[in-house]
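Letter by letter, the chains look like this.
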Protein chains: 2
Amino acid sequence: MNEERNDIRRSGGPRKSQQIFDATLDLLAEKGYEGLTIEGVAQRSGVNKTTIYRWWPSKGALLGAALVGARQLELTPPDTGSLAGDLEDLLGTITTLLTVRPACDIAVSVLGAATHSPELAAHIKDFFADRIARERAVFDRAVARGEIGADADPMLLVDLLAGAAWVRVVLRQLPLEEGFVARTVNTVLNGARATG
Amino acid sequence: MNEERNDIRRSGGPRKSQQIFDATLDLLAEKGYEGLTIEGVAQRSGVNKTTIYRWWPSKGALLGAALVGARQLELTPPDTGSLAGDLEDLLGTITTLLTVRPACDIAVSVLGAATHSPELAAHIKDFFADRIARERAVFDRAVARGEIGADADPMLLVDLLAGAAWVRVVLRQLPLEEGFVARTVNTVLNGARATG
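Residues numbered from 1 in each chain as written. Chains lettered and ligands numbered in written order. Predicted model: local features only at pLDDT ≥ 70, side-chain atom pairs only at ≥ 80, totals over all residues. Heavy atoms only, no water.

### Remarks on the relation of the copies chain B and chain A
Under the fitted operation, chain B is carried onto chain A by 0.0 Å of movement along the axis and a turn of 180°, and the coordinates agree to an RMSD of 0.0 Å. Such a combination of rotation and displacement between the chain copies is what one expects of a two-fold axis. Looking at the interface residues of chain B, 100% of them are also at the interface in chain A, so both copies use one shared face. (Least-squares fit on C-alpha atoms with pLDDT ≥ 70 in both. Contact = heavy atoms within 4.5 Å.)

This is how it looks when you write it as structure tokens:
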């Protein structure tokens, strides 16, 4: 087994996959999904076009892999010691993603593009499934600490938080007022406790 | 003053504006923003192309007007007698918009297209501003009935509800489980009461 195969086994992609993912997301943010091409990614990342095609036969497939694999979108679930602290950290990360360039351009472009590509839509679904699977640890610890009932619904709580930020920034196109994160977490957490 | 001018004063558009808006949203749902043309709208609505151009000089402008003016997207704020009832009605309307065709295709296409058109983005902003202005009546009545404190933040509560539905359906691409509306309203309302 040669070195390349070893590397593939570890990362599920070619050796320079991070550079490829970075180039993919950068180009998406700059040019939108229409302007994203595998040729452009090859040029920007300095990786041969045929290498990229060998791993990802279409730009939908490549973008899907970039979403799950990219450093910029990495999520390590927080562990601050309290559920309120963890949720403020999570929502803080989301509001940064939605308001700071180029992350916000990537987020909005990707989701806009999903309407044109069922393949990309499937990758977006995987991306969010991967996130919630990792975020569950935050709630497991909160249940163990007695901060929230075992019957709380982590996905509903995450969706309330993320959704409020998404609606305000992307749909309403309004700024997040100061204290948005703390107030939103407080409301949702009080709701979860009173409902449990 | 002729009849046409009178009509314009009332509706802010030509006489057959509802047919034009219907055709605009139908075509958007079928073909996406790229495939939407004023020519196509003229054909489908039976209105002369030049009449449409006289009112809306671009498809971004036309789509913006259709969003605010279309019957399919009309929102009469509910008045069920309780805040929980009103919010379940509001969220029920939103979940229907997001899950029933063609409304869901329209919603996702419009928001995807906003990334390509600053003009359309501005119209979407107006659309949501118009909605929240009308939804405030629900909260004013709830404050008057003593169901919620006067310091409650209607926009945050609406965004939590709408956002949770949006994330679940559009981003996660998961079905809304039975009881989603009641459970989500209950959690948000408990949160609003406990936080106030």
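From this point on, the discussion continues.
### What to know about helix α3 (residues 38-45) of chain A
All names here are of chain A. Among the residues making up α3, those that are buried are I38, G40, V41, A42 and S45. Lining the buried residues of α3 we find α2 (17-35), α4 (49-55) and α5 (59-69). At the C-terminal side of α3, G46 shows a positive phi close to 70°. (Buried < 20%, exposed > 50% of the residue type's maximum accessible area, 1.4 Å probe, protein only. Helix = DSSP H or I, 4+ residues; strand = E, 2+ residues; numbered from the N terminus.)

### Thoughts on the packing of helix α8 (residues 118-144) of chain B against helix α9 (residues 154-171) of chain B
When two helices pack together, their arrangement is given by the angle between the helix axes and by the axis-to-axis distance. Residue and element names in this part refer to chain B. For the pair α8 and α9, interaxial distance at closest approach is 10 Å and the crossing angle is 105°. As judged from the angle between their axes, α8 and α9 are roughly perpendicular. Between α8, through I132, E135, R136 and F139, and α9, the contact on the second element is made entirely by P154, M155, L157 and V158. A breakdown of the residues in the contact of α8 with α9 according to their chemical character gives six nonpolar, no polar and two charged. (Axes fitted to C-alpha atoms, helices over the stretch in contact; angles between N-to-C directions. Parallel < 35°, antiparallel > 145°, perpendicular 65-115°, else oblique. Nonpolar A, V, L, I, M, F, W, Y, C, P; charged D, E, K, R; others polar.)

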